[in-house]
Amino acid sequence: MRKPVTDLIHHPYSPPARFAAPQPGVYKASTVFFDDVAAMRARDWKTKAGYTYGLHGTPTTFTLEERLASLEGGTECLLVPSGLAAIGLVSFALLKHGDEVLIPDNAYGPNKALASGELANFGISHRFYDAMNPGDLAAKLSDRTKLVWLEAAGSVTMEFPDLPALVGHCRARGVITALDDTWGAGLAFAPFDLQGSGQGVDVTIHALTKYPSGGGDVLMGSVVTRDDRLHRLLKLTHMRMGFGVGAGDAETLLRSLPSMALRYQAHDGSARDLARWLQTRPEIEQVLHPALEGSPGHANWLRLCGATDLAAGLFSVVFDSRFGSEQVDRFCDSLALFRLGYSWGGPISLVVPYDIALMRDASVAQWPHKGTLVRFSIGLEDVDDLRADLAQAFDAL
Ligand SMILES: *Cc1c(COP(=O)(O)O)cnc(C)c1O
């Protein structure tokens, strides 16, 4: 069996022939031509057997979908205009009035905001659970729970949960699980086959904006399943909501995907190097990086990702509380190579200070640190230059 990484480059899929559209080459199309009315009436937009309309797929988007499904070990993929749109698609497709969704308290913030905004407006309730305490999730599952979100590692605070245990509780209750797999990117672990068990999550979403794009220049998301019934539900909602993506963006991703595994390893190597160095700095109370001993959930990371020994190029540090938030802001402002900006996975290293207390639901679990947290996304610059940049910003503190 070839590895998915190889299949990204030598992929067996070729799209169906006879695509006819106003633009040749990279297929840019809203309109797709039919040979006759009978063919028009017979065409099914729900499968990849043919083409109906640009929104429902072109040779370009079908090809990208197949590669991304392989990457994460699924069978079906849908493309949407952003990672957040992928989260929205899953929640809108699988939840209805009266249902409840459970979300980790350390999840990607806009997922929580969508739940307290639109989902609440539609009569769908939500609760936050402690991702580091599978018992808390088990206690919060009820007959109304129809979807459980998972994320490994947690956003910003980087705790690595016991995914097999969380998934196990949901399976036992017949509840669908959806993993935000942006951190693992389909490379660090196999979300549909956790620890080689043959079992895993039901759905993954991936912010292709991050490592698959790799350029900091494309917004896109994917939703992958290996369950036909779930895929059909998602595809229906995808069609009704008009979640198409641009051919130019799909083309950029098809160009970036073959180098993703190499880039991911490079980001990871530099990040671990810098994270270990930051552990030795007296200004830093704790480094939060799941591949480093002493970080929350390190043992879970080791069990799930030990075989690949991979982690994303992302980590956070908590400053010693003798440094006030204004001083930490100044530290961030003094960095020259690290730029202030959201997102990650591109060539340029990024830094963002966060006030975690404002992001957490105090009733779920107490955030144990007093100092300010700063998240680093490590780019592709030379690691010694990045270390020198951090050192001069510490000197300026
Ligand atoms: C960035 C990100 C998203 C959202 O992706 P966008 O394309 O920016 O909407 C979702 N989940 C995680 C974990 C992310 O880091």
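Preceding block: the structure.
One structure accompanies this document, and this report is about it. Computed from a prediction, not measured in an experiment: that's the story for all the values here.

About the cut-offs
Residues numbered from 1 in each chain as written. Predicted model: local features only at pLDDT ≥ 70, side-chain atom pairs only at ≥ 80, totals over all residues. Heavy atoms only, no water. Pairing = 2+ DSSP bridges. Helix = DSSP H or I, 4+ residues; strand = E, 2+ residues; numbered from the N terminus. Axes fitted to C-alpha atoms, helices over the stretch in contact; angles between N-to-C directions. Contact = heavy atoms within 4.5 Å. Buried < 20%, exposed > 50% of the residue type's maximum accessible area, 1.4 Å probe, protein only. Core = buried A, V, L, I, M, F, W, Y, C linked by side-chain atoms within 4.5 Å. Domains from an automatic or database assignment. Phe/Tyr/Trp six-rings, centres within 6.5 Å; stacked < 30°, edge-to-face > 60°. Near = heavy atom within 4 Å. Polar contact = N/O pair within 3.5 Å; in protein donor to acceptor, adjacent residues only side chain to side chain. Areas by Shrake-Rupley, 256 points an atom, 1.4 Å probe, with all protein chains shown as cover. Nonpolar A, V, L, I, M, F, W, Y, C, P; charged D, E, K, R; others polar. 1 Å grid on protein atoms, 1.4 Å probe; cavity = no way out; pocket = protein on both sides within 12 Å on 5 of 7 lines; lining within 4 Å. Points joined across faces, edges and corners; volume = space filled by probe spheres on them.

A look at the sheet that holds strand S6 (residues 203-207)
Okay, step 1: Here 7 strands make up an open sheet; going across it, the order is S1-S7-S6-S5-S4-S2-S3 and the pairing mixed. Each edge of the sheet is formed by a strand with only one pairing partner; in this case those strands are strand S1 (76-80) and strand S3 (125-129). Neighbour-to-neighbour, the strand axes of this sheet turn through a mean angle of 20°, independent of strand direction.
Okay, step 2: For S6 and strand S7 (residues 221-225), the ladder comprises 5 bridges, and the chain directions are antiparallel. When the bridges of S7 are listed, valine 203 appears paired with threonine 225.
Okay, step 3: Here helix H4 (residues 83-94) sits on the sheet and contacts S1, strand S4 (145-151), strand S5 (176-180), S6 and S7; the angle it forms with S6, its principal contact strand, is near 155°.

Describing the pairing of S7
Okay, step 1: With respect to burial, S7 is a largely interior element, 5 of its 5 residues being buried.
Okay, step 2: Here S7 shows a buried face lined by Gly221, Val223 and Thr225 and a second buried face lined by Ser222 and Val224.
Okay, step 3: With 5 bridges connecting them, S1 and S7 associate as antiparallel partners. Along S7, the bridge assignment pairs cysteine 77 with valine 224.

Notes on the nonpolar core
Okay, step 1: Membership of the largest hydrophobic core comes to 61 residues, with the highest contact counts inside it found for Leu64, Val148, Leu150, Phe160, Trp183, Phe189 and Tyr264.
Okay, step 2: Taken domain by domain, this core gets at least three of its residues from each of domain 1 (37-44 + 51-258) and domain 2 (259-395).
Okay, step 3: Beyond its immediate chain neighbours, meaning those up to four positions away, phenylalanine 189 contacts Ala152, Phe160, Leu163, Leu179, Asp181, Trp183, Gly184, Leu194, Leu304 and Cys305.
Okay, step 4: Membership of the second largest hydrophobic core comes to 29 residues, among which are Ala93, Phe128, Ile205 and Leu230.

A word on the packing of aromatic side chains
Okay, step 1: Enumeration according to the criterion identifies 13 aromatic pairs in this entry.
Okay, step 2: Here the aromatic rings of phenylalanine 319 and phenylalanine 394 are separated by 6.2 Å at their centres, their planes lie at 45°, and the arrangement is tilted. Taken as a pair, phenylalanine 319 in strand S9 (residues 314-319) and phenylalanine 394 in helix H13 (residues 383-395) lie far apart in primary sequence, 75 residues in all.
Okay, step 3: Looking at phenylalanine 394, the relative accessible area reads 4%, which means it is buried.
Okay, step 4: On the basis of an interplanar angle of 40° and a centroid distance of 4.9 Å, the ring pair of phenylalanine 331 and phenylalanine 394 is categorised as tilted. You can see phenylalanine 331 sitting in helix H12 (residues 325-334) and its partner phenylalanine 394 sitting in helix H13, a full 63 residues away along the chain. The burial state of phenylalanine 331 is the same as that of phenylalanine 394; both residues are buried.

Some thoughts on the site of the ligand
Okay, step 1: Close to the ligand lie Ser82, Gly83, Leu84, Tyr108, Glu151, Asp180, Thr182, Ala207, Thr209, Lys210, Leu219 and Trp344.
Okay, step 2: Contact distances for the ligand include 2.7 Å between an oxygen atom and a backbone N or O atom of glycine 83.
Okay, step 3: Taken by itself the ligand offers 380 Å² of open surface, and the protein chains cover 89% of this.
Okay, step 4: For the shell around the ligand, the per-class residue count stands at 5 nonpolar, 4 polar and 3 charged.

Regarding empty space enclosed by the protein
Okay, step 1: In the structure shown here, the tally under the stated rule is 1 cavity of 30 Å³ or more.
Okay, step 2: Approximately 90 Å³ is the volume attributed to the largest cavity.
Okay, step 3: If you trace the largest cavity, you find it lined by Gly54, Leu55, His56, Gly57, Thr61, Glu65, Leu79, Lys235, His238, Phe243, Gly244 and Val245.
Okay, step 4: When contributions to the lining of the largest cavity are tallied by element, the ones reaching two or more residues are helix H3 (59-72) and helix H8 (228-241).
Okay, step 5: Residue classes in the lining of the largest cavity are distributed as 4 nonpolar, 6 polar and 2 charged.

A closer look at the sheet that holds strand S12 (residues 373-377)
Okay, step 1: Read across the open sheet, the 5 strands follow the order S8-S9-S12-S11-S10; overall the sheet is mixed. Across the chains shown, the open sheet's two edge strands, defined by having one partner strand only, are strand S8 (284-288) and strand S10 (339-340).
Okay, step 2: Strand direction decides the pairing type here: strand S11 (residues 350-354) and S12, joined by 5 bridges, are antiparallel. Across the sheet, leucine 350 pairs through a bridge with serine 377, a residue of S12.
Okay, step 3: Lying over the sheet, helix H10 (residues 260-279) contacts S8, S9 and S12, oriented at roughly 10° with respect to S9.

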